[in-house]
Amino acid sequence: MKHVHFDIEKDGFYGAYWTCESGSDCAVIAMLGDDPEDYMARSAVKWILRLGVNVMTMSPGKKDYGHHNYPLERVETAVKWMKAHGNKKIGIAGASTTGTLALTAASMFHDITLTIAMTPSDFIWQGFMQGNRDGCKEWPIEGESLFSYGGKPLPYMPFCCGHPQYWHKIDAESKETKSMIASRKLFDESEAAHPITEAEFIKVENICGKLLMIGAEDDVLWDTAKYIRRMEKRLAEKQHTCDVEAAVYEHGTHFVFPEGMLKTMLPIGSGLFVNIAFKNAKKFSKECKETRIDIERRMKNAIASWKAKS
């Protein structure tokens, strides 16, 4: 697939832009994958392009697999570039940490009129890095948030423990739940130690256009079902203009991708991969697949109605 590559030093953000062959004046920022041109990102691009929209894939930076003080100006710059290159409508989609990023960016930049957040949190937490440090695959960074703006970290919930206890806690829970990775206890204990402040909550009431939030009760990374319900309550109590759709499923794990997107990523054995990654997926494989099929319907409908809306 032909695309345009962007570098931070030259363009102000790290990403890649992919155009729809049939032509489109709508574009979605897809914050999926560790790199804007890796296999996961390209698979998401293929799925989105089939819906008739252009795609801008973005990630923190080359070989930067963490999320710490990510400058939201990069999203702002990408939006301006896309608008200057024929896109009248801009959307954003993210999953897991980038689901939280999608919500945060959309709450700040009102040119974004479609927001799809899969397994997001409703607050910003401490920044973290991934790699290999003292035998740990991930560690929190002192004094850094997930995101920054104007050169300052956004207010964040600090984790209840630092390096290396942070990874040891995740590793123990992952083994206990027989999951690829599990950190729900870490998040619950961190929130108990540091109740979320208003400054740390994402101002979802400022989001424009269509807002679709997706999660599952059996997510073992964090309690996204609770977070989504808190956002629904917040929106019910505050004035807002966005069209809100929240989908919380009993089964679906942390991988609440549309079935078609997952099959594009893994043409053979997509369901098997999820079953291996999360114990609950194997136990409720039929229900998880039904969840992904319904998510596909919701996401396709959300994008189609957004495109059609004048």
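Up top is the structure.
Okay, so let's go over this structure.

Reading the values: the criteria
Residues numbered from 1 in each chain as written. Predicted model: local features only at pLDDT ≥ 70, side-chain atom pairs only at ≥ 80, totals over all residues. Heavy atoms only, no water. Buried < 20%, exposed > 50% of the residue type's maximum accessible area, 1.4 Å probe, protein only. Helix = DSSP H or I, 4+ residues; strand = E, 2+ residues; numbered from the N terminus. Polar contact = N/O pair within 3.5 Å; in protein donor to acceptor, adjacent residues only side chain to side chain. Axes fitted to C-alpha atoms, helices over the stretch in contact; angles between N-to-C directions. Parallel < 35°, antiparallel > 145°, perpendicular 65-115°, else oblique. Contact = heavy atoms within 4.5 Å. Nonpolar A, V, L, I, M, F, W, Y, C, P; charged D, E, K, R; others polar. Pairing = 2+ DSSP bridges. Phe/Tyr/Trp six-rings, centres within 6.5 Å; stacked < 30°, edge-to-face > 60°. Disulfide = S-S within 2.5 Å.

## With respect to helix H2 (residues 39–49)
Phase 1 of the analysis: Ala41, Ser43, Ala44, Val45, Trp47, Ile48 and Leu49 are the residues of H2 that are buried.
Phase 2 of the analysis: Of the residues flanking the start of H2, the one acting as N-cap is aspartate 38, its side-chain oxygen 3.3 Å from the backbone nitrogen of methionine 40.

## Some thoughts on the packing of helix H6 (residues 184–193) against helix H7 (residues 224–237)
Phase 1 of the analysis: Direction vectors running N to C along H6 and H7 enclose 45 degrees, while the axes themselves pass 11 Å from each other. As the angle between them shows, H6 and H7 are arranged oblique. Every residue of H7 that contacts H6 at Phe187, Asp188 and Glu191 is listed here: Lys226, Tyr227 and Arg230.
Phase 2 of the analysis: Grouping the constituent residues of the contact of H6 with H7 by class yields 2 nonpolar, no polar and 4 charged.

## Side note on the sheet that holds strand S2 (residues 15–18)
Phase 1 of the analysis: Taken in spatial order, the 8 strands make up an open sheet running S1-S2-S4-S3-S6-S7-S12-S13, and their pairing is mixed. At either end of the open sheet lies a strand with only one pairing partner, and these are strand S1 (4–6) and strand S13 (243–249). On average, adjacent strands in this sheet sit at an angle of 15 degrees to one another, irrespective of strand direction.
Phase 2 of the analysis: Looking at chain direction, strand S7 (residues 112–118) and strand S12 (residues 210–216) are connected through 5 bridges and run parallel. Bridged to alanine 117 within S12 is methionine 213.
Phase 3 of the analysis: Each of S2, strand S3 (26–31) and strand S4 (54–58) is contacted by H2, which is oriented at about 160 degrees to S4, the strand it contacts most.

## Examining the sheet that holds strand S10 (residues 147–149)
Phase 1 of the analysis: Sheet architecture is open: 3 strands sit in the order S5-S10-S11, paired in mixed fashion. Unpaired on one side and paired on the other, strand S5 (70–71) and strand S11 (152–153) mark the two borders of the sheet.
Phase 2 of the analysis: Across 2 bridges, S10 lies against S11 in antiparallel orientation. In the sheet register, tyrosine 149 faces S11, and the bridge partner there is lysine 152.

## Some remarks on the pairing of strand S8 (residues 126–133)
Phase 1 of the analysis: One ladder, built from 5 bridges, connects S8 with strand S9 (residues 136–145); its direction is antiparallel. Within S9, the residue paired with glutamine 130 across the bridge is glutamate 138.
Phase 2 of the analysis: A loop of 2 residues connects S8 with S9, the two strands running antiparallel in sequence, and aspartate 134 in this loop sits at a positive phi of about 55 degrees.

## A word on the side chain of arginine 298
Phase 1 of the analysis: Mapped onto the fold, arginine 298 is located in helix H11 (residues 285–308).
Phase 2 of the analysis: Reaching out from arginine 298, the side chain makes a polar contact with the side chain of glutamate 245 at a distance of 2.6 Å.
Phase 3 of the analysis: Separated by 3.0 Å, the side chains of arginine 298 and tyrosine 249 make a polar contact.
Phase 4 of the analysis: Residues contacting arginine 298, with those up to four places away along its chain left out, are Leu212, Glu245, Ala247 and Tyr249.

## Thoughts on the packing of helix H5 (residues 165–177) against H6
Phase 1 of the analysis: It is the contact of H5 with H6, at a shortest axis distance of 8 Å, that shows an interaxial angle of 130 degrees. Viewed along their axes, H5 and H6 adopt a mutual orientation that is oblique. In this structure, H5 contributes Tyr166, Lys169, Ile170, Glu173 and Glu176 to the contact, and H6 contributes Arg184, Lys185, Leu186 and Glu189.
Phase 2 of the analysis: Residue classes in the contact of H5 with H6 are distributed as 3 nonpolar, no polar and 6 charged.

## Thoughts on the packing of aromatic side chains
To describe a pair of aromatic rings, one takes the distance between the centres and the angle between the planes.
Phase 1 of the analysis: If you walk through the whole model with that rule in mind, you get 13 aromatic pairs.
Phase 2 of the analysis: Ring centres of phenylalanine 123 and tryptophan 125 lie 6.3 Å apart, and the angle between their planes is 65 degrees; on these two criteria the pair is classed as edge-to-face.
Phase 3 of the analysis: Taking relative accessible area as the criterion, phenylalanine 123 reaches 0% and is therefore assigned buried.
Phase 4 of the analysis: Judged by relative accessible area, which is 1%, tryptophan 125 ranks as buried.
Phase 5 of the analysis: Both rings, one in phenylalanine 159 and one in tyrosine 166, keep their centres 5.1 Å apart while their planes meet at 65 degrees; by these two values the pair is edge-to-face.
Phase 6 of the analysis: Put simply, the rings of Phe123, Trp125, Phe159, Tyr166, Phe187, Trp222 and Tyr227 touch in pairs and so form one group of aromatic residues.

## Structural notes on the state of the cysteines
Phase 1 of the analysis: In the structure shown here, the tally under the stated rule is 0 disulfides.
Phase 2 of the analysis: Free of any disulfide, cysteine 26 has its nearest neighbouring cysteine sulfur in cysteine 20, separated by 9.8 Å.
Phase 3 of the analysis: Note on cysteine 136: no disulfide assigned, nearest cysteine sulfur contributed by cysteine 161 at a separation of 11 Å.
Phase 4 of the analysis: According to the relative accessible area criterion, cysteine 136 is buried, its value standing at 1%.

These figures capture arrangement, not role.
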